[in-house]
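Structure assessment
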Amino acid sequence: MPDQSRTRIRTLDASASPIVDISALTKVYPGGLTALDGVDLRIRKGEIFALLGPNGAGKTTLIGAICGLVTPTSGSIRVFGHDLATDWRKARQRIGLVPQELSTDMFDPVMRAVSYSRGLFGLAPDPARIEEILRSLSLWDKREERIMALSGGMKRRVLIAKALAHEPDLLFLDEPTAGVDVELRKGMWSIIDEMRSRGVTIILTTHYIEEAEEMADRVGVIRKGRIIAVDEKEALMARLGRTEAHIALAAPLQVLPPEIARFSVELEDGGTSLCYRGGDGTGKGKAEVAELTKALYAAGIDYTGIEIRESSLEDIFVSLLGEGEQ
Amino acid sequence: MIAWRSTWSIYTRELMRFLRTAFQSVLAPVLTTSLYFIVFGAAIGGRMPDLGGVDYGAFIIPGLLMLTLLGETTSNSSFGIYMPRFTGTIYELLSAPVGVAETLLGFVGAAITKSLILAAIILVTARLFVDYTIVHPFLALIYIMLVAAAFSLFGFILGIWADNFEKLGIIPLLFLTPLTFLGGTFYSIDMLPKPWDTIALANPIVYLVSGLRWTFYGSSDVNIWISFGITLAFLAICVGVITFIFRTGWRLRS
Ligand SMILES: Nc1ncnc2c1ncn2[C@@H]1O[C@H](COP(=O)(O)OP(=O)(O)OP(=O)(O)O)[C@@H](O)[C@H]1O
Ligand SMILES: [Mg+2]
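Residues numbered from 1 in each chain as written. Chains lettered and ligands numbered in written order. Predicted model: local features only at pLDDT ≥ 70, side-chain atom pairs only at ≥ 80, totals over all residues. Heavy atoms only, no water.

Quick look at the sheet that holds strand E3 (residues 48-52) of chain A now. All names here are of chain A. Here we have 6 strands laid out as an open sheet, ordered E6-E7-E8-E3-E9-E10, and mixed in their pairing. The strands lining the two open edges of the sheet, one partner per strand, are strand E6 (95-98) and strand E10 (226-232). Pairwise comparison of adjacent strand axes, ignoring direction, gives a mean angle of 15 degrees for this sheet. Sheet strands in contact with helix H6 (residues 152-164) are E6 and strand E7 (170-174), and its direction is about 170 degrees off that of E6. (Pairing = 2+ DSSP bridges. Helix = DSSP H or I, 4+ residues; strand = E, 2+ residues; numbered from the N terminus. Axes fitted to C-alpha atoms, helices over the stretch in contact; angles between N-to-C directions. Contact = heavy atoms within 4.5 Å.)

Right, here's the structure in full:
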C-alpha cells in the first residue's frame, strides 16, 4: 500500500514544483541514534501538511533539519528550489519556525521581541505590520508586557508572532497546540486557517489527530524516523477508513440468509447483533448500511436499533502504527 | 554580502541586554575602581616612587582599566551566547538568514560599545582620585576597542564551549584573573626580582596592559608594536576559531 501512495504523490507533484523537496534525508545523532532514516517528502505550495507521529518519531528533528538547527548526516533538502547546503540564506529568509519548546527571552516585552525577529531576518521595521500580527493573535493589549508575565498559551502566541514577523511563505509549527486548552486550540486553528488563506504553506506536527483531521490537507505519518504514509487526508481516510455498524436484532439469528450474507457482515453476541464492517471512508459504507437495512426488511428480519460509526483518522493512525510494528 | 539590518538587530539587542542591568553595569565599575584607588592609590601609592616618571596613582589606571575590561567583556559575551543555548532561544539565531559575519559584528560591536562606556566610567571615576593626562588618546581608544573585540570573541568561544555554568566561570577564575593580576596591573615588570621579570614576559596579559599604558603615558615595559601585534594575533586566532565553530555548527547545531 505505501507504494501506491508514493506513485500518487509523484503524479500530483508533477503539476507544481514542490516548495520543500526532501530526499533520502538521514540524521544520526552523535550518540548513534538514528532519528531520521531515509526520509523522502515533498510539500506543495499553499497546503497545510500535518506530520503525525508518536513521541520520539523524529518530527522535531525533521523540522530542525529544514530550519538549520540540525545538521543532516546525509540526504538533500531543497526549499523554494534552493539547496539548503549552499543557498541557505535565501531559503531561510522565507521560512518561519515556531519551536516546540516555549523558549524566548522572557525579560523582553512582547512588542520588542517581535520587532527584533523582523529585524533579525533583515527586514525594515514596519510597526503597522507588527500591529496587524499582534492584533490577529490577540496580543495587542499585551504588547508592553514582559513575556514572562504571560500565560503559556499567550507565550506560544508570541512565538507565532515572532515567526510571522518576517512574513514567511513557509511556516513550521512544532506542536502549536501542546498544552493549550480547547478554546485556545480552536483559536489557533482559525489563526492557521487565516494564514493559509494568505497563501502561507504550513507544516505542523501534532499529537492530536483531531487537529490534523480538522486542519490538514495532507497528512504524513512518521515512525522511528521513517515516513510510513503520506497522502491527502481524504484519500488516506478513503483508503484506510471504515464504517462500522451494529444492528440490534429483535430475535437472535443462528445463520444468515444468503441475501444478507452477501454484505460484509457477521453475527455477534450470540446472534443478537449484526455487525457490518466495510466501506472506504467516502460514504460507501453508509450507503451499504442503508442497503443492508432494506435487505433485512425485505427478508423479514426485524431490528430494534442501529449504531453506526465512521472510523476517524485516529483509528487509521493507530492501525498504521500497528502495521509499521510488524 | 553582509545583512546589515540583521547585524544591527543583534547589536541593539545585545546593548539592550546591557542597559537592562544599567544600574549594576555602571555602579560595579565605579565601586571597584574607587576601592582599588583607595587601597592601591592612597594607602600604598603614597609610599611608592614614581614609575617611569608617572605618579603611582596614575600608573595603575591603564592596568585597572584592563582588569575590568577583560573580566567584564569576557563574562558578558560568554553569557551572551551561553544563555540562549541554555534556554533554547538560540533557535532563532540559527534559523535566521544570518551567518558568522552578522553574528560576530553584532555581538562584538555591542561588546566594544559596552567597553567604551565602561572605560569612560572608570576614567571619570579615576579622575576623582588622581590627576592624569592621556598622551595618545586616539591610540588608547583604538587599543581599548581592539582588546574589547578580542576578549568578546574569547568570551564567545567560552560560552559555546561551556556546557554547564561551572565551566563558564572556571576559565576566567583560573586563568584570566590570575594572569591579569600578574600582568603588571599594579606594578612595572622591572620591579620584579631577576628570573621573574623574564618569566613574566610569557604572560600575554603583560603585553596588553603594557600596550595600553604606553598609549596613556608614552612609556611602557614592552615595545608598543609587540603589544599591538600580540593583541591583533589574539584577535585573529579568536576569529578563526569562531568561524570554524560556525561552519561546523559545533555545540550550536545538533
Ligand atoms: N540533540 C539530540 N541528541 C541526541 N538525540 C536526540 C537529540 N534530539 C533528539 N534526539 C532523539 O531523536 C529522536 C527523535 O526526536 P524528536 O525530538 O525529533 O522526536 P519528536 O517526533 O519531535 O518527538 P515529540 O513528539 O516527543 O516531540 C528521539 O529518540 C530523541 O531522543
Ligand atoms: Mg518534537
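Next comes the rest of the account.
Okay, the coordination of the magnesium ion (ligand 2) next. Protein-derived ligands of the magnesium ion (ligand 2) are Thr60(A) (OG1) and Gln100(A) (OE1), with the metal-ligand distances lying across 1.9 to 2.2 Å. Here Thr60(A) is found in helix H2 (residues 59-67), whereas its partner Gln100(A) is found in the loop between E6 and helix H4 (110-120), with 40 residues between them in sequence. (Donors = N, O, S within 2.8 Å, 3.2 Å for Na, K, Ca; no water.)

Residue and element names in this part refer to chain A. Here strand E11 (residues 243-249) shows a clear split, with Thr243, Ala245, Ile247 and Leu249 buried on one side and none of Glu244, His246 and Ala248 buried on the other. Sheet topology places E11 next to strand E13 (residues 273-278); 6 bridges connect them, and they run antiparallel. Bridge pairing links histidine 246 to cysteine 275 in E13. Alignment of E11 against strand E14 (residues 303-310), held across 7 bridges, turns out to be antiparallel. Each bridged residue has a counterpart across the sheet, and for glutamate 244 the counterpart in E14 is arginine 309. (Buried < 20%, exposed > 50% of the residue type's maximum accessible area, 1.4 Å probe, protein only.)

Further remarks concern the layout of surface pockets. Reported here for the largest pocket is a volume of approximately 920 Å³. Taken together, 37 residues form the lining of the largest pocket, with Arg17(B), Arg20(B), Phe79(B), Gly80(B) and Met83(B) sitting closest to its centre. Elements with a contribution of two residues or more to the lining of the largest pocket: H4 of chain A together with helix H1 (4-20), helix H2 (22-44), helix H3 (56-87) and helix H4 (90-95) of chain B. Considering each element in turn, the lining of the largest pocket owes the most residues, 9 residues, to H3(B). Its residues placed into classes, the lining of the largest pocket shows 17 nonpolar, 10 polar and 10 charged. What the second largest pocket holds in volume is close to 690 Å³. Lining the second largest pocket are 31 residues, with Leu84(A), Ala85(A), Trp88(A), Arg92(A) and Arg253(B) positioned closest to its centre. Among the secondary structure elements, those contributing two or more residues to the lining of the second largest pocket are H2, strand E4 (74-79) and helix H3 (88-92) of chain A together with H4, helix H5 (100-127) and helix H10 (224-248) of chain B. Among the elements that line the lining of the second largest pocket, the one with the most residues is E4(A), at 4 residues. (1 Å grid on protein atoms, 1.4 Å probe; cavity = no way out; pocket = protein on both sides within 12 Å on 5 of 7 lines; lining within 4 Å. Points joined across faces, edges and corners; volume = space filled by probe spheres on them. Nonpolar A, V, L, I, M, F, W, Y, C, P; charged D, E, K, R; others polar.)

Shape is all these values report; function is a separate question.
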